[in-house]
Amino acid sequence: MSLSKQELFDRIRRDSWQQQLSIRALSKKYGVHRRLVREALASPVPKPRKQPARTSTRMEPYKKTVDEWLRADLEAPRKQRHTAKRIGARLEEEFGVTLPYTTVRDFVTARRRAIAAEGGVPVEGFLVRHNAPGADAEVDFGEVWVDLAGQRVKCYLFAFRLAYSGRDVHRISRSCGQQAFFEGHVHALSVLGGVPAGQVRYDNLTPAVRKVIFRSRLREENPKWTALHTFYGFTPFYCEPGLRGAHENGGVEGQVGYFRRNYLIPAC
C-alpha cells in the first residue's frame, strides 16, 4: 500500500517516539533516504513542493509596459488598480495581442510584489448564499475617482444589484448623502421595471439608519427613508456591523469593484 507523504511523516514520527527507532532503522523500515527521515522528525508537515518558475516568450515584449502600469498603480486609488484580467484586456485593446490568462496572472503576481517592495509599499480572503429569482437585492456606495475639468475628484458610485441574476444598475454622484441615496433607488427601480419581492440588503448606511440597536437586527431608521421604502413596497435588511456582517453584502461590494476595474482603469 502506497502512503502519502503526510502519512509517511506521521508513521515515522510515531515509530520514533513509541519504538525509539533510530534514523537508520526508520530509513530501512520505510525504504526511504535518511534525509527524508530527518525531515519528518524535524517537522510534522512536509515542505510544499516547489513550483517551477515558468517564463513565457509571448509575454516578453510587453513586460516593460506592464511594469509601467503596475508602478503607476502605486499612485492610483487603491480600489482602482490593475488586476491580471484588466491587464490582459488592455494588452488586447492597445497592442492587439491575446495572451493566456495564466501567463498574465503569473507575471503580474510576481512583478506586483517586486514593484511594491521596490517602492517601499507593503503588498497587501466567502460564503455561498442561495437566492430565488426576483427576490433579494443588495445596495451599497463605493468611492471612485474621476477626472473633472482636469482635476481628479472623489465621487461615489451607487450600486443596486439583484442577488439571483447579478443584474446591476449604477449611478455616480458627487455625494453619498441621502439625496443621492434616494435618487439611486428611484433610478434603479425605474431601470429594472419592478421591485424585489424579498429583501434589499444594506450595510447600515447613514442615509437609511440613524441608530444600530446593540446586539440585534433592529435599526432606528431615518423617517424619510422609511417613507420611501414603504412607498415602493420593499423590505430593507441590515447587515451586521463591521467584520461580522462582511459576508452578508459581498455581491454588491464585488460589483462596485468590478465597475472600477472595467470602466475606471486607468482613472478617467
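For the structure itself, consult the block above.
Read on for a plain summary of the structure. (Residues numbered from 1 in each chain as written. Predicted model: local features only at pLDDT ≥ 70, side-chain atom pairs only at ≥ 80, totals over all residues. Heavy atoms only, no water.)

### Considering the packing of aromatic side chains
To keep it simple, the criterion reads: To pair, rings of Phe, Tyr and Trp, with the six-membered ring standing in for Trp, must have centres within 6.5 Å; the planes then decide the type, stacked if under 30 degrees apart, edge-to-face if over 60, and tilted in the middle. What counts as a helix is a DSSP run of H or I of at least four residues, what counts as a strand is a run of E of at least two, and both are numbered from the N terminus. Partly exposed residues are those whose accessible area sits between 20% and 50% of the maximum for their type, while under 20% is buried and over 50% is exposed, using a 1.4 Å probe and protein chains only. Geometrically, a charge over a ring is one whose NZ (Lys) or CZ (Arg) sits within 6 Å of the ring centre while staying within 35 degrees of the ring normal.
One pass over the structure, following the stated rule, counts 13 aromatic pairs. Taking 6.3 Å as the distance between ring centres and 25° as the angle between the ring planes, the aromatic pair formed by Phe182 and Trp225 counts as stacked. Here Trp225 lies in helix α8 (residues 223–232) and Phe182 lies in helix α7 (residues 178–192), a separation of 43 residues in the sequence. Each of the two residues, Phe182 as well as Trp225, counts as buried. Ring geometry for Tyr202 versus Tyr238: centroids 6.1 Å apart, planes at 40°, classification tilted. With Tyr202 in strand β4 (residues 199–202) and Tyr238 in strand β7 (residues 235–238), this pair connects stretches of sequence that are 36 residues apart. Overall, Tyr202 belongs to the buried group, its relative accessible area being 0%. With relative accessibility at 7%, the residue Tyr238 sits in the buried group. Joined through ring pairs, the aromatic side chains of Phe141, Phe158, Phe181, Phe182, Tyr202, Trp225, Phe234 and Tyr238 make up one cluster. A cation sits over an aromatic face here: Arg90 above Trp69, 4.0 Å from the ring centre.

### Observations regarding a positive patch on the surface
Counted only if it meets this: Patch rule: a residue counts if its relative accessible area is over 30% and it has no salt bridge; like charges are joined within 9 Å, and nonpolar side chains (Val, Leu, Ile, Met, Phe, Trp, Tyr) within 5 Å. Per-residue and other accessible areas were derived by the Shrake-Rupley procedure at a 1.4 Å probe size, with only the shown protein chains allowed to occlude residues. The salt bridge criterion pairs a side-chain nitrogen of Lys or Arg with a carboxyl oxygen of Asp or Glu, the two atoms within 4 Å. The charge count includes Lys and Arg as positive and Asp and Glu as negative, but it does not include His or the ends of the chains. Positions of charges follow a simple convention, taking NZ of Lys, CZ of Arg, CG of Asp or CD of Glu.
Residues Arg24, Arg34, Arg35 and Arg38 make up a contiguous surface patch of positive charge. Top contributing element to the positive patch by residue count: helix α3 (residues 34–42), with three residues. Its location among the elements puts Arg38 in helix α3. With a relative accessible area of 47%, Arg38 lands in the partly exposed category.

### Some details on the pattern of salt bridges
Taken as a whole and judged by the stated rule, the model has eleven salt bridges. Between Glu60 and Lys63 there is a salt bridge whose closest N-O contact spans 3.0 Å. Accessibility expressed as a relative area gives 23% for Lys63, which makes it partly exposed. Among the ionic pairs, Asp147 bridges to Arg152, the shortest N-O distance being 3.2 Å. A cluster of three or more residues bridged by salt bridges with shared partners is formed by Arg14, Asp15 and Lys29.

### A few points about helix α1 (residues 5–18)
Put simply, the rule reads: By this rule, a helix spans an expected 1.5 Å times one less than how many residues it contains. What the arc covers is the set of directions going from the helix axis to the C-beta atoms. For this analysis, residues touch if any pair of their heavy atoms sits within 4.5 Å.
Spanning 14 residues, α1 covers 20 Å between terminal C-alpha atoms, matching the ideal 20 Å at 1.5 Å per step. All of the buried residues in α1 are Leu8, Phe9, Ile12, Asp15 and Ser16. For α1, the buried positions fall inside an angular range of 135° around the axis, keeping them on one side. The exposed residues of α1 that point more than 90 degrees off its buried face are Trp17 and Gln18. Contacts from the buried residues of α1 go to α2 (23–30) and α3. Gln20 sits one or two positions beyond α1 and adopts a positive phi of about 55°.

### Here's the deal with the sheet that holds β4
In plain terms, the rule: Should DSSP find at least two bridges between two strands, the strands are taken to pair. Helix axes use the C-alpha atoms of the stretch in contact, all axes being lines fitted to C-alpha atoms, and the angles between their N-to-C directions lie in the range 0 to 180 degrees.
Strand order in the open sheet formed by five strands is β3-β2-β1-β4-β7, and the pairing between neighbours is mixed. Each edge of the open sheet carries a strand with a single partner, namely β3 (168–173) and β7. With direction set aside, neighbouring strand axes in the sheet form an average angle of 30°. As defined by bridge partners, β4 adjoins β7 across four bridges and the pair is classed as parallel. Note on β7: the bridge partner recorded for Arg201 is Phe237.

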